[in-house]
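The residues making up each chain are set out below.
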Amino acid sequence: MDIRKIYEDAGALLSGHFLLSSGNHSPNYLQSAKVLEDPKKGELLAKELAKLIQSANIKVDTVCAPALGGVIAGYELARALGVRSIFVERKEGVMQLRRGFEVKKGEKVLICEDIITTGGSALEAAKIMQKMGAEVVAFAALANRGFCKRFGNNKEPKKECKLPADIPFFALADFEFDIYPPSNCPLCKEGIPAIKPGSRGNN
Ligand code: ZN
């Protein structure tokens, strides 16, 4: 399956000149929500991800997603795996399990995101699950931005990766983009204005 083409066709892989939340500039931006606006694509991608997880013999009782970004991917992955789907969400900046969701001691939980960049939110979700006595058996995302090492790829993680090295991370593809500091950005030098994703309602 050509994941990159699926993202491109859905208009989820943007090209231009983007101002990232880190303050750096990039010629590309990934918008997974655009892929998931087609439920059939969401189902297809989640099935592929489920196959990877099952082929590694990872047993999962529950998929937990950090809201908002991970919810749709997590729900579709749970459907593909035939397991329970829950999510954690931020309230006043703190990630929490709400809405009557519960996890049992020893429950095998997989943390699912749409995109993993450094994995910060996924790690916060994992810590909540572990605090409640669950066992975090894996991380998963449709797309990996190339900072973390995904299962089956030998590329070592970058120092920015926050995911623990002893828990496998499954993703369908790596999307590595050039990143420039604003002081040394070739797109800025060409005089192309930088767009902050979201400033035109596209975030
Ligand atoms: Zn620039």
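Structural data are supplied above this passage.
In what follows, the accompanying structure is described. Predicted model, so just to flag it, every value in this text is computed and none were measured.

About the criteria used
Residues numbered from 1 in each chain as written. Predicted model: local features only at pLDDT ≥ 70, side-chain atom pairs only at ≥ 80, totals over all residues. Heavy atoms only, no water. Buried < 20%, exposed > 50% of the residue type's maximum accessible area, 1.4 Å probe, protein only. Helix = DSSP H or I, 4+ residues; strand = E, 2+ residues; numbered from the N terminus. Contact = heavy atoms within 4.5 Å. Pairing = 2+ DSSP bridges. Axes fitted to C-alpha atoms, helices over the stretch in contact; angles between N-to-C directions. 1 Å grid on protein atoms, 1.4 Å probe; cavity = no way out; pocket = protein on both sides within 12 Å on 5 of 7 lines; lining within 4 Å. Points joined across faces, edges and corners; volume = space filled by probe spheres on them. Nonpolar A, V, L, I, M, F, W, Y, C, P; charged D, E, K, R; others polar.

### Some remarks on helix 4 (residues 71-81)
Part 1 of the argument: Buried within helix 4 are the following residues: Ala73, Gly74, Glu76, Leu77, Ala78 and Leu81.
Part 2 of the argument: Considering only its buried residues, helix 4 is in contact with helix 2 (32-36), helix 3 (39-55), strand 3 (62-66), strand 4 (84-91), strand 6 (108-116) and strand 7 (135-144).
Part 3 of the argument: Positive phi shows up at glycine 82, right after helix 4, with a value of about 70°.

### With respect to the sheet that holds strand 7
Part 1 of the argument: If you walk across this open sheet you meet the 6 strands as 5-4-3-6-7-8, and the pairing is mixed. Where the open sheet ends on each side, the last strands, each with one partner, are strand 5 (94-97) and strand 8 (169-174). Each neighbouring strand pair of the sheet contributes to a mean axis angle of 25°, computed without reference to strand direction.
Part 2 of the argument: In the sheet, strand 3 pairs with strand 4 via 5 bridges, with the strands oriented parallel. Each bridged residue has a counterpart across the sheet, and for cysteine 64 the counterpart in strand 4 is isoleucine 86.
Part 3 of the argument: Together, strand 3, strand 4, strand 5, strand 6 and strand 7 form the strand contacts of helix 5 (residues 120-131), whose direction differs from that of strand 6 by roughly 165°.

### Observations regarding empty space enclosed by the protein
Part 1 of the argument: For the coordinates displayed, the defined rule picks out 1 cavity of 30 Å³ or more.
Part 2 of the argument: When its volume is computed, the largest cavity comes out at roughly 50 Å³.
Part 3 of the argument: Considering the residues around the largest cavity, the lining is formed by Asn144, Gly146, Cys148, Lys149, Arg150, Asn153, Lys155, Glu156, Asp174 and Glu176.

### Quick notes on the layout of surface pockets
By rolling a water-sized probe across the atoms, one finds the places where empty space is left.
Part 1 of the argument: The calculated volume of the largest pocket comes to roughly 1200 Å³.
Part 2 of the argument: Lining the largest pocket are 38 residues, with Ser21, Tyr29, Leu30, Ile115 and Thr117 sitting closest to its centre.
Part 3 of the argument: With 4 residues, the single largest contributor to the lining of the largest pocket is strand 6.
Part 4 of the argument: Grouping the amino acids of the lining of the largest pocket by side-chain chemistry returns 19 nonpolar, 13 polar and 6 charged.
Part 5 of the argument: Empty space within the second largest pocket amounts to approximately 200 Å³.
Part 6 of the argument: Considering the residues around the second largest pocket, the lining is formed by Cys148, Lys149, Arg150, Phe151, Pro157, Cys161, Leu163, Pro164, Ala165, Ile167, Pro168 and Phe169.

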